[in-house]
Amino acid sequence: MLKPLQQWCCDSCGGIIDGPADGCIEWNVEQRTQRVSGHRIVHQSPECTYRSIELATMWKTPAQVALNPHTGHTHLANMLGLLHDMVASGWVDAEDEQGFVEVMRRTQLPYYEEARLFWNVSLQASVHDGTKYDEQTLLHILQWKESELMAGLEALQRRRVASPF
Ligand SMILES: [Zn+2]
């Protein structure tokens, strides 16, 4: 299980970001319009962050803030400042807004980072209604996932016992 607000899945390589110091939140800014998009959480390393040279060919500049919450409320302050800039330059499409909100949830809500991986499958199983993000709902999703895993393992074992091999 991922440690809440301490570990994240890297949006670039898919590996685990083991601690806030290993990761960052990044996005890119369109030079002409100042429009921001492409929010994601990645390892703080040249292999995983946006490449300035590639973005430059699209007239975009990368930007990032640290993931470290131990710097007081700096992170939240930075993100709210970014939100202000995004609103000021105009929401261009819903996708940009969703990307920003998703990153906020992943960095502010305990258990969301892991629960989001099982969000749709647990929604289909009516474990939650897809509208709530409180700690109780998120923990409920994780507990459901654990019990589904256990049930799956038991079924596998039963099949092994029943098998003639
Ligand atoms: Zn990575």
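Just so it is clear, the structure is predicted and the values come from calculations on it, not from any experiment.

What counts and what doesn't
- Residues numbered from 1 in each chain as written.
- Predicted model: local features only at pLDDT ≥ 70, side-chain atom pairs only at ≥ 80, totals over all residues.
- Pairing = 2+ DSSP bridges.
- Helix = DSSP H or I, 4+ residues; strand = E, 2+ residues; numbered from the N terminus.
- Axes fitted to C-alpha atoms, helices over the stretch in contact; angles between N-to-C directions.
- Contact = placed C-beta atoms within 7 Å.
- Expected span 1.5 Å × (residues − 1).
- Core = buried A, V, L, I, M, F, W, Y, C linked by C-beta atoms within 7 Å.
- Buried ≥ 20, exposed ≤ 12 C-beta atoms within 10 Å, placed from the backbone.

**Description of the sheet that holds strand 4 (residues 36–43)**
Read across the open sheet, the 3 strands follow the order 4-3-5; overall the sheet is antiparallel. Every interior strand has two partners, whereas the edge strands, strand 4 and strand 5 (60–66), have only one. Neighbouring strand axes in the sheet, compared pairwise and without regard to direction, differ in orientation by 25° on average. Here strand 3 (residues 23–30) runs beside strand 4; their pairing, made up of 6 bridges, is antiparallel. Its bridge partner being in strand 4, Gly23 is matched across the sheet by His43. Along the sheet face, helix 3 (residues 94–108) touches strand 3 and strand 4 and points at about 30° away from the line of strand 4.

**Considering helix 2 (residues 74–89)**
Under the 1.5 Å per step criterion, the end-to-end length of helix 2 is 22 Å for 16 residues, consistent within 8% with the ideal 22 Å. Trailing helix 2 by a residue or two, Gly90 shows a phi angle of about 90°, which is positive.

**Considering the environment of Leu80**
If you trace the backbone, Leu80 turns up in helix 2. Separated by 36 residues in sequence, Leu80 and Arg116 place their C-alpha atoms 22 Å apart.

**Some words on the nonpolar core**
Of all hydrophobic cores here, the largest spans 15 residues; its most connected members are Ile25, Val36 and Ile41. Of all the secondary-structure elements, those providing two or more residues to this core are strand 3, strand 4, helix 2 and helix 3. Top contributing element to this core by residue count: strand 3, with 4 residues. Once residues within four sequence positions are removed from consideration, Ile25 is found in contact with His39, Ile41, Gln64, Val65, Leu67, Val103 and Thr107. Judged by nonpolar contacts, the second largest core, of 5 residues, contains Tyr111, Ala115, Leu138 and Ile141.

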